[in-house]
Amino acid sequence: MKNKADGHVHLENGPLSKEYVWEFVKAAQEQGLEHLQILDHTHRFYEFHDMYKGVYEADPRQKEWFEKKQVNSIKDYHKLIEEMKNESFPIDVQFGLEVCYSPENESFLKEILSQYPYDFLVGSVHSIDGLLYDMDAFSKDLLWEKEDVSSIYKRYYDRIAKAIQSDLFTQIGHPDVIKMYNYPAGYDLTETYKQLARLAKEHRVKMEDNTGAHYRYHHHDVGLDPAFRQILLDEGVEIITASDAHYPKHVAKDFDLLLL
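Draft legend 1. Spotlight on the sheet that holds strand 2 (residues 35–39). Taken in spatial order, the seven strands line up as 1-2-3-4-7-8-9 in an open sheet, and their pairing is parallel. This sheet does not close on itself; its edge strands, each paired only once, are strand 1 (5–10) and strand 9 (239–242). Across two bridges, the pairing between strand 7 (residues 171–172) and strand 8 (residues 206–210) is parallel. Each bridged residue has a counterpart across the sheet, and for Ile 172 the counterpart in strand 8 is Met 207.

Structural data, given as C-alpha cells:
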C-alpha cells in the first residue's frame, strides 16, 4: 500500500477500552499501515457540552442526536490513553481528538485543549450556524433545502479557514466534506482552495485526504476534490490519508483508490 498512514479513526461506536483500541490496531496492521491516529469526537464527552448549545437548541432532532452522543467524561478517555502508553504496538499509534470547531468557541477550546498533551488535534467543521449538515435523517430538511447552497459552502469554508488560523490544531478534518450530498457550490471554488492551501502552509497544518464521503455518502470523489488536492500539493502542504473509520473494518477504507 502506497498510503502507509490512517490519520483519522474513531472509537465512537465502541467502548473506551484496551480491547477495542487493539481491534483498530490489528486492522491497521492487516492493511499494511505503519502509522495510526486514533481519536474520538468532542461531542462524546460531557466537558464539551456547553460548546454545542447552538446545535442542541436549534432543533429537537439535533438535541436528541446530541444527547445520545454524550456518554463519557474526557477523563475516561485520558485514562485509556495513559493505559495504552504501556502497550507494545506493532505500528506507530497516536491518540488525539476530533474537535468540532466554531469561531465563537475558540477561547473555551484553548483552555480545555491545553489540559492534556494529545499527540494530535483534528479541527473539523460539522455545523453551519448551529445546523448539522451531514445527518441523513434531517440535514436536508433543516439546512440544504431551506438555505442558499452557495451561502452554505461559503460559511463552511470560512470556518475551515478560521480553524486553520486559530493555531489550535495540527490537522484539518475532511476539509471539503461539505460536498457530500452532491449539491453544487454554485461558484468556482479555485480561489477558496488556494486560500486554504496558503493558510495551511503558513500555519503548518496537515490537510486530510479523507475517504469517508466516498464510502459513507457515496460521493464520486475518493478523498479530496482533485483540483483541491493538486493545489495543496503545489503549495507544499502536508497531506495525510484518513479513512474516518467509525469501525475497525473501515480502517484504510478505499485507500487503494486514492490518487495521492
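Draft legend 2. Spotlight on unusual backbone geometry. Of note in this structure, His 174 is not a glycine but carries a positive phi near 25 degrees. Summarising the element assignment, His 174 is placed in the loop between strand 7 and helix 8 (190–203).

Draft legend 3. Fine view of the layout of surface pockets. One number sums up the size of the largest pocket: a volume of about 540 Å³. Lining the largest pocket are 31 residues, with Asp 134, Met 135, Arg 216, Tyr 217 and His 246 positioned closest to its centre. Among the elements that make up the lining of the largest pocket, the one with the highest residue count is helix 9 (residues 212–217) (five residues). Per-class residue counts for the lining of the largest pocket are 13 nonpolar, eleven polar and seven charged.

Draft legend 4. Geometry of the side chain of Gln 171. Looking at where Gln 171 falls in the secondary structure, it is placed in strand 7. Note on Gln 171: relative accessible area 1%, which makes it buried. Within the structure, the side chain of Gln 171 is placed 3.0 Å from the backbone oxygen of Gly 7, a separation counted as a polar contact. Not counting the four nearest positions on each side in its chain, Gln 171 is found in contact with Gly 7, Gln 37, Phe 120, Leu 121, Val 122, Gly 123, Val 205, Lys 206, Glu 208 and Ile 240.

Draft legend 5. Inspection of helix 3 (residues 60–69) at higher detail. The set of residues buried in helix 3 consists of Gln 62, Trp 65 and Phe 66. Buried residues along helix 3 cover an arc of 95 degrees about the axis, so they all sit on one side. Turned more than 90 degrees away from the buried face of helix 3, the exposed residues are Pro 60 and Lys 68. Elements in contact with the buried residues of helix 3: helix 2 (53–56), strand 6 (131–132) and helix 6 (139–144). The residue sitting at the N-terminus of helix 3 and contributing the capping side-chain oxygen is Asp 59; that oxygen lies 2.8 Å from the backbone nitrogen of Arg 61.

Draft legend 6. Structural detail: the pairing of strand 1. Burial analysis of strand 1 places six of its six residues in the buried class, which makes it a mostly covered element. Sheet topology note: the strand 1/strand 2 ladder contains four bridges and is parallel. Bridged to Val 9 within strand 2 is Ile 38. Taken together, strand 1, helix 1 (residues 18–30) and strand 2 form a β-α-β motif whose crossover is right-handed.

Draft legend 7. Representation of empty space enclosed by the protein. With the rule as written, the count across this model stands at one cavity of 30 Å³ or more. Here the largest cavity defines a volume of roughly 50 Å³. In terms of lining residues, the largest cavity is bounded by His 174, Pro 175, Asp 176, Val 177, Lys 179, Glu 208, Asn 210, Gly 212, Ala 213, Gly 223 and Leu 224. Those elements giving two or more residues to the lining of the largest cavity turn out to be strand 8 and helix 9. Looking at the lining of the largest cavity residue by residue, the classes come out as four nonpolar, four polar and three charged.

Draft legend 8. Fine view of the pattern of salt bridges. The tally for this structure, following the rule as stated, stands at 17 salt bridges. The partner of Lys 18 in a salt bridge is Glu 87, and the shortest N-O contact between them spans 3.5 Å. Of this pair, Lys 18 sits in helix 1 while Glu 87 sits in the loop between helix 4 (74–84) and strand 3 (92–100); the two residues are 69 residues apart in sequence, bridging distant segments of the chain. The partly exposed category is assigned to Lys 18, whose relative accessible area is 32%. Linking Asp 40 and Arg 44 is a salt bridge whose minimum nitrogen-to-oxygen distance equals 2.6 Å. This pair shows no difference in class: Asp 40 is buried, exactly as Arg 44 is.

Draft legend 9. Region of interest: the packing of helix 7 (residues 149–165) against helix 8. At a closest axis distance of 9 Å, the pairing of helix 7 and helix 8 adopts a crossing angle of 10 degrees. Taken together, the axis directions place helix 7 and helix 8 in an arrangement best described as roughly parallel. Between helix 7 and helix 8 lies a crossing of left-handed hand. Where helix 7 approaches helix 8, its residues Tyr 157, Ile 160, Ala 161, Ile 164 and Gln 165 are matched on the opposing element by Thr 192, Tyr 193, Gln 195, Leu 196, Leu 199, Ala 200 and His 203. Grouping the constituent residues of the contact of helix 7 with helix 8 by class yields eight nonpolar, four polar and no charged.

Quick notes on the rules
- Residues numbered from 1 in each chain as written.
- Predicted model: local features only at pLDDT ≥ 70, side-chain atom pairs only at ≥ 80, totals over all residues.
- Heavy atoms only, no water.
- Pairing = 2+ DSSP bridges.
- Helix = DSSP H or I, 4+ residues; strand = E, 2+ residues; numbered from the N terminus.
- 1 Å grid on protein atoms, 1.4 Å probe; cavity = no way out; pocket = protein on both sides within 12 Å on 5 of 7 lines; lining within 4 Å.
- Points joined across faces, edges and corners; volume = space filled by probe spheres on them.
- Nonpolar A, V, L, I, M, F, W, Y, C, P; charged D, E, K, R; others polar.
- Buried < 20%, exposed > 50% of the residue type's maximum accessible area, 1.4 Å probe, protein only.
- Polar contact = N/O pair within 3.5 Å; in protein donor to acceptor, adjacent residues only side chain to side chain.
- Contact = heavy atoms within 4.5 Å.
- Arc of directions from axis to C-beta.
- Right-handed = clockwise from strand over helix to strand, strands pointing away.
- Salt bridge = Lys/Arg side-chain N within 4 Å of Asp/Glu carboxyl O.
- Axes fitted to C-alpha atoms, helices over the stretch in contact; angles between N-to-C directions.
- Parallel < 35°, antiparallel > 145°, perpendicular 65-115°, else oblique.
- Left-handed = near helix turned anticlockwise from the far one by under 90°.

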